[in-house]
Every structure is written in structure tokens, then in C-alpha cells.
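What follows is the residue order along each chain.
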Amino acid sequence: MPITQAENFISVLRAAFGHGTKPLTSPDWDELAQLAQTQMLTALFYTGVVQYDAFSTWAPEKRLKLQRETITAVGAQAMRTQRFLPLYQALVEAGLRPLVLKGIICRNLYGDLADYRPSSDEDLYLPPEQIPQARAVLEREGWRLDYHEDSVQVADRMQEIAFTDAGGQLHLELHPTLFGTDSLDHRCRTAYFRGIEARAVVVEVDGVALHTLGYTDHYLYLFLHLAKHFSNGGVGVRQICDLMQFQRAYGGQIDWPEVRRAVQELSFPGLYADVVAIGGRLGFEADPMFPSVQPDQLLLDSLEGGVYGFDREGGGRGNVLNVAAQYPTRFQRLQRLLFPSVSQLVDGRPWLKRRPWLLPVAWVQRAGLLFFDSKHHSRITGKALKSAYGRLGLLRGYGMTGRTSQRRPGGKRGDDP
């Protein structure tokens, strides 16, 4: 993708946010509209693009189609919002106090454009012991469990447990832990947020009081969530917009020295600086805190990969692909992908530790998971591995490959588990 079209797209969003219209360079309206669709930002894009006189040169039928898609998207989001708010009230009336993450809290930051920022799901944090009670309320309200029954029984190890309403209108994720426990990084990030209930705040949306993370906690959660998706395959511009909108709204209530410390210890300072640099292009003001590394490459990667990188081959398989891509030759990459050792597989298959002779069984099981499409993941192909290999330079620039984590022994928001 030419960097000029990427910059044009950012300029259109900048206009949508009320930060002024910057001149566009040879805008390709077809490509820009397609970008808006893959980024799930069609409605916001339309709000910005109609502020440009040059937009009238695009084919009338295409402009009308974009307008209709905007109206549909805004209406659908308004309906999802009204589906969620009564459900949240039902949970509170049952004696629970779920903390709302991202989603409606971020949309609320967009003011009159709240329903122009789409979200197909809502996320709630609840302690593991409250998950069964929350499930009972959800099922009474017409929601069904999407995950295996066992996920409720081991909630303390799960990052999320998903539910969908009977009409398929809204997806809901309950988070017993904020980042899960399946890796050292995730365990450290989960431990950092211990005690979030005591720091919670209340935000009112459409007359409904929503309990949510404290301002510093939520800002850090948004960035760490962004970093996780970037590492796993890609992150869309929408998450960058959310982070910038959050700091614009609550910057005076955020503990910025704590943000600096947490980013240094739990994540990647260069990535943070480049995200803020892109935010600057969107018209937001924020302190990058750290030296910028490669903001142009990050912007292109964010636009080319779509939301969460799912527009790439092998979408959703980022962790596996990133590990394999780091091997020097094509043969070694394929070998790592197809035939990992016992030590490389034992974390996810603890039964291998006592029965290593079952390694071929694990290979077959792994192949079944990786090389066939599933509900949430695309199958791995040669093109997917090539794409992951191509992203290595970007990941290396942020220190995200072959990284040995150095974690603090304790701290303000919790100790390492």
C-alpha cells in the first residue's frame, strides 16, 4: 500500500474527529473506502470524507453505497448498545458488579459519534468465583455459552468466556483474568491488575451507571491489549483511536509516571511511542514518553492487516507464525511449525511431560488445529508463513522477537504469580 493513501486515510479520520481537514494527495476513493471497511470504520470515514470537496468526484452510486453502509452501521450499533445496557443492569441487580472493559466505554468517548465507532461485542471483568452466577443471569436473559462447558469450571485460568444472545445481535465476553495465564507475559500483566475492583470508577452511559477500570488502569489496559494483538498478528487503527480518545478525555486523571513505568516493565516503549506518533497525525496531543522507532511502518502494518490482523493469511495464528518465522531457513521454519519438540509443546500439552513417546500424536493434533479453518482462526498456509516472516523486521524494531522478559519482583499493582 502506498504511504500516501495511508496518510490520506488518517487525514480523513482526523477530519471526522473535528481536528481539521488536511490536504489529500491524489486520493484513491475506492482504496480508501475499502480501507474503511476492513478497519471497521466506515461510518467514521464517511463523516470525515464528506468534508472534502474532492469526494464529490467519486462515482455517485459509490458515494450513495457508502452513505447507506454508514446509516446501517450506525443503526446496528445503536441497537447493540440498547441490548447491552439492560443486560448490565440485570447483572448489577443480581448482586454482581462487573467492570466494563473497552467497548461501550470507548465508544462513549466519541461523543455524538459514539455509534459511529462500531463494536460487535462487549467485555466484562468478573472475579472467577462470580462467573457461575453471571452465567445464570445471562442464560435467564436469553444468552448462551459459546465455549466448552469446562471453561466455566477452570475460570481462574481463562482470559475470556464468551456468550452470544439468542438473536445473534451481540457477543459478550466475561474475563475472569485480564490477560490469562498461558505465558509469562500474560501472567505478569494479569498480576499487575490485581486489586482493580478497589480502584474502579463509574461512567454513566445513556443514564446507566457502568462500573469500569480506574483511569490509569484502563489506559494501560487499552495499550497492553493493543500490544498483545499487534504481536499476535496485527492491530487496527481503531484501537489507536480509542487510546487517543481515552487520553484526551481522562488525561488529567491518569497517573503518567505509573504509565511510563508500566510500559517499560510490561510492554514495549518503542511501540507505545509510535502509537502516540500516529495519534498525533490523527490530531491528538499526547506525550510519546519514549523515542519513536518506525511509525510509518506501524501505520502501514495496521492498515494492511485490518482489525487485529485478520485480513492477513493465517489470521488469528500470530503467535505460532511469529515463533516459526524467527528460524533462519525456510526448511527450519517449516520444521518448527510442523514438528516441534516435546519441550516446545509441553506447556500446552502437559501430558507430554510424562509420556513423551506420544509426540507424534501431538503433531497430528497440532496439524488438525493449524491447517484447517476454525470459527476464530484461519488455516496456516505458505503465504501466511511468508507474511509472518515479512513482519519480523517490524517486530524486531520493538524488541518483540526472542525476548527474555525481565519482570519486577513486586510493585504497586501486584506481584508476579
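One can find the structure itself at the top, above this paragraph.
Sequence order as written defines residue numbering, which begins from 1 separately in each chain. Per-residue local features of the predicted model are confined to residues with pLDDT of at least 70, and side-chain atom pairs are confined, for both listing and counting, to 80 or more; whole-chain, interface and lining totals are unaffected and use all residues. Side-chain figures throughout are based on the complete set of non-hydrogen atoms in the structure, without hydrogens or water.

Before going further, it helps to spend a moment on the overall build of the chain. The helix and strand labels rest on DSSP assignments: H or I over at least four residues marks a helix, E over at least two residues marks a strand, and numbering proceeds from the N terminus. Regarding its fold elements, the chain presents 20 helices and 7 strands. The cut-offs for exposure are 20% and 50% of the maximum accessible area for each residue type, with area from a 1.4 Å probe on protein chains only; residues under the lower value are buried, those over the upper are exposed, and the others partly exposed. Expressed as a percentage of the 417 residues in the chain, the buried residues total 52%. For this analysis, residues touch if any pair of their heavy atoms sits within 4.5 Å. Counted over contacts in the chain with a minimum sequence separation of 6, partners at least 24 positions apart contribute 66%. Using a 1.4 Å probe, the Shrake-Rupley method yields the accessible areas, and only the shown protein chains count as cover for residues. Of the roughly 18,500 Å² that the chain leaves accessible, carbon and sulfur atoms contribute 52%.

Turning our attention to the pattern of salt bridges. When a carboxyl oxygen of Asp or Glu is within 4 Å of a side-chain nitrogen of Lys or Arg, the pair counts as a salt bridge. Taken as a whole, this structure holds 12 salt bridges when the rule is applied. A salt bridge links arginine 117 to aspartate 242, with the nearest nitrogen and oxygen atoms 2.3 Å apart. One end of the pair, arginine 117, is in the loop between helix 5 (103-108) and strand 2 (121-125); the other, aspartate 242, is in helix 10 (residues 237-250), with 125 residues separating them in the sequence. Comparing arginine 117 with aspartate 242 shows no difference in burial state: the two are buried. Where glutamate 258 meets arginine 261, a salt bridge forms, and the shortest distance between an N and an O atom there is 3.1 Å. Of this pair, glutamate 258 and arginine 261 both sit in helix 11 (residues 256-266), 3 residues apart, which is roughly one turn of the helix. Of the residues examined, arginine 261 reaches a relative accessible area of 25% and is grouped as partly exposed.

Okay, the side chain of arginine 189 next. Turning to its location among the elements, arginine 189 is positioned in helix 8 (residues 184-192). Although arginine 189 lies buried, it forms no salt bridge, and the closest oppositely charged side chain, aspartate 185, sits 4.5 Å away as judged by the N-O distance. Sequence-distant contacts of arginine 189, defined by excluding residues within four places in its chain, comprise Phe179, Leu224, Lys228, Leu266, Ser267 and Phe268. His is not counted here, nor are the chain ends, while Lys and Arg score as positive and Asp and Glu score as negative.

So yeah, pure geometry; function would need other evidence.
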